[in-house]
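Below are the chains, spelled out letter by letter.
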Amino acid sequence: MAGNRSKTNSHRGQKIAAIAAFGIVLVSGAGVASLAAWTDTEWVQGGVGTDPGISTSVFRIQQNTTTGSTGWVDEPDSPGGVIAFVDASGLTPGDTAYGFVRLRTVDDSLAGTVTLNESALVGANSLYGALRYGAGIVASTAECSAAQFGVGDDGLVPFDTSLSADVAPTFSIAADASAERIVCFAVTLPAGSPSTLQGLSTTPEWYFEAESS
C-alpha cells in the first residue's frame, strides 16, 4: 500500500508540475501578444486642391516708353526708362512737350495701386525751377498730344505744376497684363521766361510706387 501511495503522489506531482509549466507558457504567451500589436501611419501635406505646395502671390509692374508690343522692362532704380518727349530739345517760352510711359502688371500678378511721386532734382539749375508740368492717364498713346491732353483724361497732376511740387496722386492698375495704364506728361516752358534760360538743359525724373491690393 505504501508503494502505491508513493507512485500516486509521484504522478500527482508530475501533473502539477506539468500544469504549472503550461501555465507559465500561457502567461508568457499572453505577454508576447500584448507587445506585438498591429501599427499603421498616415502622412499629409499642405496644398491647393489636389496639388501639393503652399506658395505666395506675386505683384510686379513693368514700364514701356515706346508704342510697340515689345519693350516692356523693369526699371526699379534711378534713372530708369526715358520718356520720349516730342519737341523737347528746343523749347522756347510758351512751348509744351508731351511724352508718355505705359504701365502694366506682369502675368499672374495681383492688382494694385500706383502712386506718381514728384520729380527728383537732376541737373540743378534755373531751367528745372522754371519748367512746369501736368500728368494724366490717357486711353491711348495717340492721345498724349496737344490736341488731346486734358480732354477726357484722368487727371493726376494739374497742368502748370512745379516739377518739385509735393504731389502723390494714385491710380489703380489691374491684374491683367493687357489692361495697361498710359500716363501722359506735359512739360512747359512758361511764356515770359527770361532769356537767361537759353541753352540750358535739365533732366526731370519721376518715380512710381506700386502696392498690391
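For the structure, see preceding data.
Keep in mind the model is a prediction, meaning the values are calculated, not measured. Along each chain, residues carry numbers from 1 onward, in the same order as the chain's sequence is written. Thresholds applied to this predicted model are a pLDDT of at least 70 for local features of residues and 80 or more for the giving and counting of side-chain atom pairs; totals over whole chains, interfaces and linings are not thresholded and use all residues. To get the side-chain values, all heavy atoms of the structure are used, and hydrogens and water are removed first.

Within a regular beta strand, the side chains point alternately toward one face of the sheet and then the other, so they alternate between its two faces. Burial analysis of strand β6 (residues 132-138) places 6 of its 7 residues in the buried class, which makes it a mostly covered element. One bridge is not enough; two strands pair if DSSP finds at least two bridges between them. Numbered from the N terminus, helices here are DSSP runs of H or I no shorter than four residues, and strands are runs of E no shorter than two. Pairing geometry for β6 and strand β7 (residues 154-162), over 5 bridges, is antiparallel. Directly across from Tyr133, in β7, lies its bridge partner Thr161. Here β6 pairs with strand β9 (residues 181-188) via 7 bridges, running antiparallel. Pairing of Gly134 across the sheet is with Ala186, part of β9. Whether a residue is buried, partly exposed or exposed follows from its accessible area with a 1.4 Å probe, protein chains only, as a fraction of its type maximum: under 20%, in between, or over 50%, in that order.

Here a salt bridge means any side-chain nitrogen of Lys or Arg lying within 4 Å of a carboxyl oxygen belonging to Asp or Glu. On inspection of all chains with the given rule, the structure shows 2 salt bridges. Taking the shortest distance from any N to any O, the salt bridge between Asp74 and Arg60 comes out at 3.1 Å. Of this pair, Asp74 sits in the loop between β3 (61-64) and β4 (96-105) while Arg60 sits in the loop between β2 (51-52) and β3; the two residues are 14 residues apart in sequence, bridging distant segments of the chain. Judged by relative accessible area, Asp74 falls into the partly exposed class, the value being 36%.

Looking now at the sheet that holds β6. Pairing is antiparallel in the open sheet, where 5 strands are placed in the order β3-β4-β9-β6-β7. Of all strands in the sheet, those bounded by a partner on one side alone are β3 and β7. Across the sheet, the mean angle separating the axes of adjacent strands is 20° when strand polarity is ignored. Inspection of the sheet shows β4 paired to β9 by 8 bridges, in the antiparallel sense. By the bridge assignment for β9, Arg102 is matched with Ile182. Between N-to-C directions, angles span 0 to 180 degrees; the directions come from axes that are lines fitted to C-alpha atoms, helices contributing only their stretch in contact.

Relative to the assigned elements, Thr65 resides in the loop between β3 and β4. Along the primary structure Thr65 and Gly81 are separated by 16 residues, whereas in three dimensions their C-alpha atoms are 7.0 Å apart. Leaving out residues up to four positions away in the same chain, Thr65 has contacts with Val82, Ile83, Phe100 and Val101. Whenever a nitrogen or oxygen atom comes within 3.5 Å of another N or O atom, the pair is scored as a polar contact, on the condition that within protein one atom can donate a hydrogen and the other can accept it, and that pairs from neighbouring residues in sequence are kept only if both atoms are in side chains. A polar contact of 3.2 Å, which involves the side chain of Thr65, links it to the backbone oxygen of Val82. Two residues qualify as a contact provided that any one of their heavy atoms is within 4.5 Å of a heavy atom in the partner residue.

A few words on the state of the cysteines. The criterion for a disulfide is a pair of cysteine sulfur atoms lying within 2.5 Å. Applying the stated rule across the entire model yields 1 disulfide. Each sulfur of the disulfide joining Cys144 and Cys184 lies 2.1 Å from the other. A torsion of 80° about the S-S bond marks the disulfide between Cys144 and Cys184 as right-handed. Note that Cys144 is positioned in the loop between β6 and β7 and Cys184 in strand β9, a separation of 40 residues in sequence.

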